[in-house]
Amino acid sequence: MIVISDTTPIISLLKINRLDLLESIFGLVQIPRGVFTELTGNPKFQDEAEVVNRSDFIQVIEDIDDDYVSLLRRSTGLDLGESEAIYLSDRGKADLLLMDEIRGREVAMRMGIKIMGTLGVLGLAYEDKLISKEEIKTAIEILRDAGRHISERLYKQLLDMIESK
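In short, a report on the structure.

Basis of the calculations
- Residues numbered from 1 in each chain as written.
- Predicted model: local features only at pLDDT ≥ 70, side-chain atom pairs only at ≥ 80, totals over all residues.
- Heavy atoms only, no water.
- Helix = DSSP H or I, 4+ residues; strand = E, 2+ residues; numbered from the N terminus.
- Rg over C-alpha atoms; globule rule 2.2 N^0.38 Å.
- Buried < 20%, exposed > 50% of the residue type's maximum accessible area, 1.4 Å probe, protein only.
- Contact = heavy atoms within 4.5 Å.
- Areas by Shrake-Rupley, 256 points an atom, 1.4 Å probe, with all protein chains shown as cover.
- Pairing = 2+ DSSP bridges.
- Core = buried A, V, L, I, M, F, W, Y, C linked by side-chain atoms within 4.5 Å.

## Observations regarding the overall build of the protein
Looking only at helices and strands, the protein has 10 helices and 5 strands in total. Relative to its length of 165 residues, the protein is compact, with a C-alpha radius of gyration of 15 Å against a globular reference of 15 Å. With the principal axes as the frame, the protein shows a C-alpha extent of 45 × 35 × 30 Å. A total of 165 residues make up the protein; the buried ones form 45% of that total. Nonlocal contacts in the protein, meaning residues at least 24 apart in sequence, comprise 65% of its contacts between residues at least 6 apart. Roughly 8,700 Å² of accessible area belongs to the protein as shown, and the carbon and sulfur atoms make up 49% of that amount.

Here's what the structure looks like:
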């Protein structure tokens, strides 16, 4: 299975100290160089950057068509990481793109790319018995306190799903 990730799902899982879920669920996760730079380039987040650098299940992909990405950025208003992640997903025929940002998700879906966000990853982790219902609720509180927008509708869908199992 080819899984590509944008920046936000990785940051969100870092914030709840559960980046390991990506490896447990997907094995290898590919990220474009722009996402790697976003994850490791901010001097305020060196601890998080070290975790990413030590995560051997995260593979940085350097082979990016800059012209394609530039056109995508100009035509959609997406940032570099989102555009590169969509490019890799489209070009590499990824099975799944991990992305949380609404505009990026809309663009990717119009291109026929299968999308999953952080909440979807938490749902899969629950199904695989890697995380408890209480841990999910705590994780959502941490993410909301950190300023992540999590819609009530998606949160309720996740709770309904885990409570029905």
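## Quick notes on the pairing of strand E2 (residues 29–32)
Alternating residues of E2 divide into Val29 and Ile31 and Gln30 and Pro32, and every residue in both groups is buried. Relative to strand E3 (residues 58–61), E2 is paired through 4 bridges, and the arrangement is parallel. Directly across from Pro32, in E3, lies its bridge partner Ile61.

## Some remarks on unusual backbone geometry
Here Asn17, not a glycine, exhibits a phi torsion of approximately 55°, which is positive. Counting through the fold element by element, Asn17 comes out in the loop between helix H1 (7–15) and helix H2 (20–26).

## Re the nonpolar core
Counting residues in each nonpolar core, the largest one holds 35 residues, and the members touching the most others are Leu22, Phe26 and Leu122. With 5 residues, the single largest contributor to this core is helix H8 (residues 118–127). Beyond its immediate chain neighbours, meaning those up to four positions away, Leu122 contacts Leu13, Ile16, Leu21, Ile131, Ile136, Ala139 and Ile140. Counting residues in hydrophobic clusters, the runner-up holds 17 residues, among them Ile61, Ile64, Val69 and Val107.

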